[in-house]
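# Fold and geometry: a report
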Amino acid sequence: MLTLFLCGWSGISHAWENLDPESEAALKLTPNSENGRLVYQNCAVCHMPEGWGTPNGAYPQIAGQHRSVIIKQLADIRANNRDNPSMYPFTLPEELGGVQSIADVAQHIENLKMTLATSQGPGDDLLRGKRLYGEYCVECHGDRGEGDAEMVYPRIQGQHYPYLLRQMEWIRNGKRRNANRKMEEAIRMFSDQDLKSVSDYVSRMPPDESRRSTGDWSNRDYGRR
């Protein structure tokens, strides 16, 4: 059973100030694993069958992400609370399904194993990145970037550097409208170099051992997009 259910529903209901009714409803449902696998076939077109995304950051690694986070992002995108034009059509009810399908595919994604073959930053300012992470990020995202399912804080370990940097820029600049308010305040004064340094540092955080895949995509064309 997922951490968020072990901890109980009461924690989730107070964890995020903007948790919408559809997310709350999906979190309460018992996932159907087979339907989650079927629904994910549409997601695999961009995020790849394993959920590993692409090293250029066009698509993030979503494998291993907390179910609560996946649910919130899907609900936010289709409610136009998060701007994502390329993904929006895939989140519509006629394509994705209803609340049950959101719960199902989120469960499937969380259970996917993560690749270690992710893209990293240039590595030229990691001390600054480490310092910034310790001061501004560790409280929510954890020492290893593991996030917090109960608090709906994303797992950021094992993520592609270009994607991390882009999302940090969008959150700082207000383009990502569904960002956590605490994070918006934390990075509001970050310089461009600050964002690059902390994204680079995070990009080197490997997935927790229990989440890692033994597979390798180095010989696959889609891994080089």
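Residues numbered from 1 in each chain as written. Predicted model: local features only at pLDDT ≥ 70, side-chain atom pairs only at ≥ 80, totals over all residues. Heavy atoms only, no water.

## Some points on the overall build of the chain
Counting secondary structure elements, the chain contains 12 helices and 0 strands. Helices and strands in the chain line up, N terminus first, as α-α-α-α-α-α-α-α-α-α-α-α. Across the 225 residues in the chain, those meeting the buried criterion constitute 51%. For the chain, the share of sequence-separated contacts (at least 6 apart) that also reach a separation of at least 24 residues comes to 74%. Within the structure as shown, the chain displays about 10800 Å² of accessible surface, and the carbon and sulfur contribution to it stands at 51%. (Helix = DSSP H or I, 4+ residues; strand = E, 2+ residues; numbered from the N terminus. Buried < 20%, exposed > 50% of the residue type's maximum accessible area, 1.4 Å probe, protein only. Contact = heavy atoms within 4.5 Å. Areas by Shrake-Rupley, 256 points an atom, 1.4 Å probe, with all protein chains shown as cover.)

## Examining the nonpolar core
If you look at the biggest cluster of nonpolar residues, it comprises 21 residues, and the most contacted ones within it are Tyr40 and Val105. For this core, the leading source of residues is helix α8 (residues 99–111), giving 5 residues. Grouped together as the second largest cluster of nonpolar side chains are 17 residues, Ile171, Phe190, Val198 and Val202 included. (Core = buried A, V, L, I, M, F, W, Y, C linked by side-chain atoms within 4.5 Å.)

## Remarks on the packing of aromatic side chains
Tallied over the full model, the rule gives 2 aromatic pairs. With centroids separated by 5.2 Å and ring planes inclined at 80°, the aromatic side chains of Tyr136 and Phe190 adopt a geometry described as edge-to-face. Taken together, the residues span a long stretch of sequence, with Tyr136 in helix α9 (residues 126–141) and Phe190 in the loop between α11 (181–187) and α12 (192–203) at a distance of 54 residues. (Phe/Tyr/Trp six-rings, centres within 6.5 Å; stacked < 30°, edge-to-face > 60°.)

## What about the packing of helix α3 (residues 21–28) against α8?
Viewed as axis vectors pointing N to C, α3 and α8 meet at an angle of 60°, and their least axial separation amounts to 8 Å. If you check the angle between α3 and α8, you find them oblique. The crossing of α3 and α8 is right-handed. Touching Glu22, Ala25 and Ala26 of α3 are Val99, Ile102 and Ala103, all from α8. Across the contact of α3 with α8, the residue classes break down as 5 nonpolar, no polar and 1 charged. (Axes fitted to C-alpha atoms, helices over the stretch in contact; angles between N-to-C directions. Parallel < 35°, antiparallel > 145°, perpendicular 65-115°, else oblique. Left-handed = near helix turned anticlockwise from the far one by under 90°. Nonpolar A, V, L, I, M, F, W, Y, C, P; charged D, E, K, R; others polar.)

## Looking at the confidence of the model for the chain
Put simply, the chain has an average pLDDT of 90, and 88% of its residues get 70 or more. Contacts of residues 1–14 to residues separated by more than four positions or lying in other chains number 24 contacts, the stretch itself having pLDDT below 50. Low pLDDT (under 50) marks residues 221–225, which in the prediction has 13 contacts with non-local residues, meaning those over four places away or in another chain. (pLDDT = per-residue confidence, 0-100.)

## Quick notes on the packing of helix α5 (residues 67–78) against α8
Look at α5 against α8: their axes get within 8 Å of each other, and the N-to-C directions meet at 135°. Classified by the angle their axes make, α5 and α8 are oblique. Considering the relative orientation of α5 and α8, their crossing is right-handed. Contacts from Arg67, Ile70, Ile71, Leu74 and Arg78 of α5 reach α8 at Val99, Ile102, Ala103, Val105, Ala106, Gln107, Ile109 and Glu110. Along the lines of polarity and charge, the residues of the contact of α5 with α8 split into 9 nonpolar, 1 polar and 3 charged.

## Focus on the pattern of salt bridges
For side chains of opposite charge, pairing can occur when their charged atoms come near one another. Under the criterion given, the structure shown has 14 salt bridges. For the salt bridge of Arg144 with Glu146, the shortest nitrogen-to-oxygen distance reads 3.9 Å. Judged by relative accessible area, Arg144 falls into the partly exposed class, the value being 44%. Using a relative accessible area of 18% as the deciding quantity, one classes Glu146 as buried. For Asp208, the salt bridge identified is with Arg155, shortest N-O distance 3.5 Å. (Salt bridge = Lys/Arg side-chain N within 4 Å of Asp/Glu carboxyl O.)

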